[in-house]
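# Residue-level structure breakdown
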Amino acid sequence: MESRQRSRDPQALQNLLRAAYQQILERQPYQHEKAGELEKIEQDFLRGRVGVKRLVRQIGGSHLYQQLFFNAGCNTRCVEQGFKHFLGRAPAHRAEVAAYHDILVRQGLQAMVNAFVDSEEYRRHFGNEHLPQPRQRLMGYPPVAYLLTDRMNHSHQLAMQGSPFLQSLAVM
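Fair warning: this is a prediction, and the values are worked out from it, not measured in the lab.

This part covers helix H2 (residues 10-25). For H2, which comprises 16 residues, the first-to-last C-alpha distance of 22 Å matches the rise-based estimate of 22 Å (1.5 Å per residue) to within 8%. Restricting attention to buried positions, one finds in H2 the residues Leu13, Leu16, Leu17, Ala20, Tyr21, Gln23, Ile24 and Leu25. Capping the start of H2, Asp9 holds a side-chain oxygen 3.1 Å from the backbone nitrogen of Gln11, two or three residues further along.

Take the packing of helix H5 (residues 52-60) against helix H9 (residues 109-117) next. Remark: H5 packs on H9, axes separated minimally by 9 Å, with the N-to-C direction vectors making an angle of 150°. With respect to H9, the element H5 is oriented roughly antiparallel. The crossing of H5 and H9 is right-handed. Between H5 and H9, the contacting residues are Lys53, Val56, Arg57 and Gly60 on the first element and Leu109, Gln110, Val113, Asn114 and Val117 on the second. Each residue belonging to the contact of H5 with H9 can be placed in one class, and the counts come to four nonpolar, three polar and two charged.

As a further point, take the packing of aromatic side chains. Each pair of aromatic rings is reported with the distance of its centres and the angle of its planes. Considering all chains together, one arrives at seven aromatic pairs under this definition. Aromatic pair Phe83 and Tyr100: ring centres 5.2 Å apart, planes at 80°, arrangement edge-to-face. One end of the pair, Phe83, is in helix H7 (residues 75-87); the other, Tyr100, is in helix H8 (residues 94-107), with 17 residues separating them in the sequence. Overall, the relative accessible area of 14% leaves Tyr100 in the buried class. Ring pairing ties together the aromatic residues Tyr65, Phe69, Phe83, Phe86, Tyr100 and Phe116, which thus form one cluster.

Taken as a whole and judged by the stated rule, the model has 12 salt bridges. With a shortest N-O distance of 3.2 Å, Lys34 and Glu42 are connected by a salt bridge. Just as Lys34 is buried, Glu42 falls in that class too. Between Arg123 and Glu120 there is a salt bridge whose closest N-O contact spans 2.3 Å. Residue Arg123 and its partner Glu120 are located together in helix H10 (residues 120-125), separated by three residues, close to a single helical turn. Judged by relative accessible area, which is 48%, Arg123 ranks as partly exposed.

Below, the discussion takes up the confidence of the model for the protein chain. Across the protein chain, the average pLDDT comes to 83, with 74% of residues at 70 or higher. Here helix H1 (residues 2-6) stands out as the least confident element of the protein chain, with mean pLDDT 43; H9 is the most confident, with 98. A low-confidence stretch, residues 1-6 stays under pLDDT 50, and its non-local contacts, those more than four residues away or across chains, total 14 contacts.

This part takes up the nonpolar core. Formed by 36 residues in total, the largest nonpolar core has its most connected members in Phe45, Val56, Ile59, Phe86 and Met112. Of all elements in the fold, only H2, helix H4 (37-46), H5, helix H6 (63-70), H7, H8 and H9 reach the threshold of two or more residues within this core. With seven residues, the top contributor of residues to this core is H2. For Met112, the contacting residues outside a window of four places in its chain are Cys78, Val79, Tyr100, Ile103 and Leu104.

Reading the values: rules and limits
- Residues numbered from 1 in each chain as written.
- Predicted model: local features only at pLDDT ≥ 70, side-chain atom pairs only at ≥ 80, totals over all residues.
- Heavy atoms only, no water.
- Helix = DSSP H or I, 4+ residues; strand = E, 2+ residues; numbered from the N terminus.
- Expected span 1.5 Å × (residues − 1).
- Buried < 20%, exposed > 50% of the residue type's maximum accessible area, 1.4 Å probe, protein only.
- Polar contact = N/O pair within 3.5 Å; in protein donor to acceptor, adjacent residues only side chain to side chain.
- Axes fitted to C-alpha atoms, helices over the stretch in contact; angles between N-to-C directions.
- Parallel < 35°, antiparallel > 145°, perpendicular 65-115°, else oblique.
- Left-handed = near helix turned anticlockwise from the far one by under 90°.
- Contact = heavy atoms within 4.5 Å.
- Nonpolar A, V, L, I, M, F, W, Y, C, P; charged D, E, K, R; others polar.
- Phe/Tyr/Trp six-rings, centres within 6.5 Å; stacked < 30°, edge-to-face > 60°.
- Salt bridge = Lys/Arg side-chain N within 4 Å of Asp/Glu carboxyl O.
- pLDDT = per-residue confidence, 0-100.
- Core = buried A, V, L, I, M, F, W, Y, C linked by side-chain atoms within 4.5 Å.

Written out as structure tokens, the structure is:
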């Protein structure tokens, strides 16, 4: 699969690199932000030495990603952003967020990024050669809206179980 990566023309690789930054960092990094770790992975990618999946992993584990999405907010928000950046979707339910939150807290940001990139879902949808990209329309709602919807549905189900009156209304 690396051979396909090496056969791409320089402009296609540059476009892919820009798309990777846009998907993972939500913007293009400034030159001073690329100094060091991003500059090296960028050069290796443009020379065909590393593939797309490794590029995604490196950008996600970079200090810049950490500054933008880990240090700037709470852990839960970082996990939600991870779903968006690496799987192209919002979290489906609270248990998903809890699983990745546990990895983040116990093992760190790079371990969480690795868990996303090494997941079966990532492999199935993006493989080794495709960038993560949005797979669901969020229709303007932040990822937390999906979690709140899940929580409200669960509360509604519990209320329905405990109330004969509400159960009778639901049957109507």
